Every structure is written in structure tokens, then in C-alpha cells.
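As a plain string of letters, each chain reads:
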Amino acid sequence: MLVQRKGCPRWLRPSKYTEEFQCVAVELVRSSGRPINQVARELGMSHETLRNWVRKQERQTGMGPASGGDTPSVADKDAEIARLRREVAELRQEKEILRKAAAYFAKEMDR
């Protein structure tokens with residue numbers, strides 16, 4: 001295992017996750033049928049890291065999407081759609097608050 005040194009490039013640093021943890025996390029994604037984002041959140045880690053592990057194992061075992069096909073799964077797409085819908089609802093609410101504030105201050109300026 002490489003020794004982490006100050007100023008050492010990120011790709012040379014050892015992973016903070018053990019190989020056993022990586023295997024268990026990937027198996028959890030595969031067996032649970034839940035989106036990678038949700039599993040990563042439950043494990044307290046980055047969803048991109050977990051997604052990279054899943055893709056790496058798919059390439060090594062030949063399972064999952066065809067090699068070179070980095071298409072997201074249906075569960076990932078559903079999770080992304082749900083996240084975007086929540087974001088749109090929040091933005092609409094913020095827009096409405098700002099619209100009311102602008103009307104209030106315009107009315108106050110006329111006095």
C-alpha cells in the first residue's frame with residue numbers, strides 16, 4: 001500500500017475504503033434494487049465513488065451494461081427525476097416568495 005504524502009497526487013493516495021467495504025457496497029447496490037444515490041447516502045459516501053465501483057465491477061465481470069456503455073440504470077434515472085422534481089418545486093416556491101417581496105417593496109416605494 002502506498003504511503004500518503006503531502007502534495008502527493010490524488011490518484012497515488014491509498015483509498016480510505018477497504019476492498020471488502022467496496023465489494024459489500026457494490027453487492028448492496030446490486031441486491032437491493034435501490035438507486036446508487038440512496039445506497040451511497042445510507043453508507044455516508046459519495047454517490048460518484050460508489051457508481052465508479054459498480055461500473056468497475058461490471059467491466060471486470062462482464063455483468064451489467066455492455067462494456068463502454070456508461071448508461072445509467074432505470075433506478076438511477078428515476079432517482080435523478082425525483083431529485084430534479086424536488087428542485088423545481090423548491091425553485092418555484094423561491095420565485096413566488098421573490099415575486100411577493102418585489103411587489104411589497106414596489107408598493108412601499110410609492111408611499
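Residues numbered from 1 in each chain as written. Predicted model: local features only at pLDDT ≥ 70, side-chain atom pairs only at ≥ 80, totals over all residues. Heavy atoms only, no water.

Participant: Let's hear about the overall build of the chain: which residues, and what values?
Facilitator: Tallying secondary structure elements over the chain gives four helices and zero strands in all. Counting all 111 residues of the chain, 16% fall into the buried class. Within the chain, counting contacts between residues at least 6 apart in sequence, those at least 24 apart form 46% of the total. Summed over its atoms, the accessible surface of the chain is roughly 9200 Å², and 55% of this surface lies on carbon and sulfur atoms. (Helix = DSSP H or I, 4+ residues; strand = E, 2+ residues; numbered from the N terminus. Buried < 20%, exposed > 50% of the residue type's maximum accessible area, 1.4 Å probe, protein only. Contact = heavy atoms within 4.5 Å. Areas by Shrake-Rupley, 256 points an atom, 1.4 Å probe, with all protein chains shown as cover.)

Participant: Break down the nonpolar core for me, citing the residues and quoting the values.
Facilitator: The biggest cluster of nonpolar side chains holds ten residues, and these are Ala-25, Val-26, Val-29, Ile-36, Val-39, Ala-40, Met-45, Leu-50, Trp-53 and Val-54. For this core, the secondary structure elements donating two or more residues are helix H1 (19–32), helix H2 (36–43) and helix H3 (47–61). Leaving out residues up to four positions away in the same chain, Val-29 has contacts with Arg-34, Ile-36, Val-39, Leu-50 and Val-54. (Core = buried A, V, L, I, M, F, W, Y, C linked by side-chain atoms within 4.5 Å.)

Participant: Which residues make up the pattern of salt bridges, and what values go with them?
Facilitator: Enumeration over the complete set of coordinates arrives at six salt bridges. With a shortest N-O distance of 2.6 Å, Glu-42 and Arg-34 are connected by a salt bridge. Using a relative accessible area of 48% as the deciding quantity, one classes Glu-42 as partly exposed. For Arg-34, a relative accessible area of 26% gives the class partly exposed. Through salt bridges that share partners, Glu-48, Arg-51 and Asp-76 make up one connected network. (Salt bridge = Lys/Arg side-chain N within 4 Å of Asp/Glu carboxyl O.)

Participant: Talk me through the packing of aromatic side chains; I want residue IDs and the actual numbers.
Facilitator: Centre distance and the angle of the planes are the two values used to describe a pair of aromatic rings. What the rule picks out here adds up to four aromatic pairs. Seen in terms of ring centroids, Tyr-17 and Trp-53 are 5.2 Å apart; in terms of plane orientation they differ by 80 degrees. Their pairing is edge-to-face. With a gap of 36 residues between them, Tyr-17 in the segment before H1 and Trp-53 in helix H3 connect regions that are remote in the sequence. The class of Tyr-17 is partly exposed, set by a relative accessible area of 21%. Residue classification places Trp-53 among the buried residues on the basis of a relative accessible area of 12%. The interplanar angle of 75 degrees and the centroid separation of 5.2 Å between the aromatic rings of Tyr-104 and Phe-105 together place this pair among those described as edge-to-face. Among the aromatic residues, those joined into a cluster by ring pairs are Tyr-17, Phe-21 and Trp-53. (Phe/Tyr/Trp six-rings, centres within 6.5 Å; stacked < 30°, edge-to-face > 60°.)

Participant: Account for the packing of H2 against H3, with residues named and values stated.
Facilitator: Put simply, H2 and H3 touch, their axes get as near as 8 Å, and they point 120 degrees apart. By the criterion of interaxial angle, the relationship of H2 to H3 is oblique. The crossing of H2 and H3 is right-handed. Packed against H2, whose contacting residues are Ile-36, Asn-37, Val-39 and Ala-40, the element H3 presents His-47, Leu-50, Arg-51 and Val-54 at the interface. (Axes fitted to C-alpha atoms, helices over the stretch in contact; angles between N-to-C directions. Parallel < 35°, antiparallel > 145°, perpendicular 65-115°, else oblique. Left-handed = near helix turned anticlockwise from the far one by under 90°.)

Everything listed here is a matter of geometry and, on its own, says nothing about what the molecule does.
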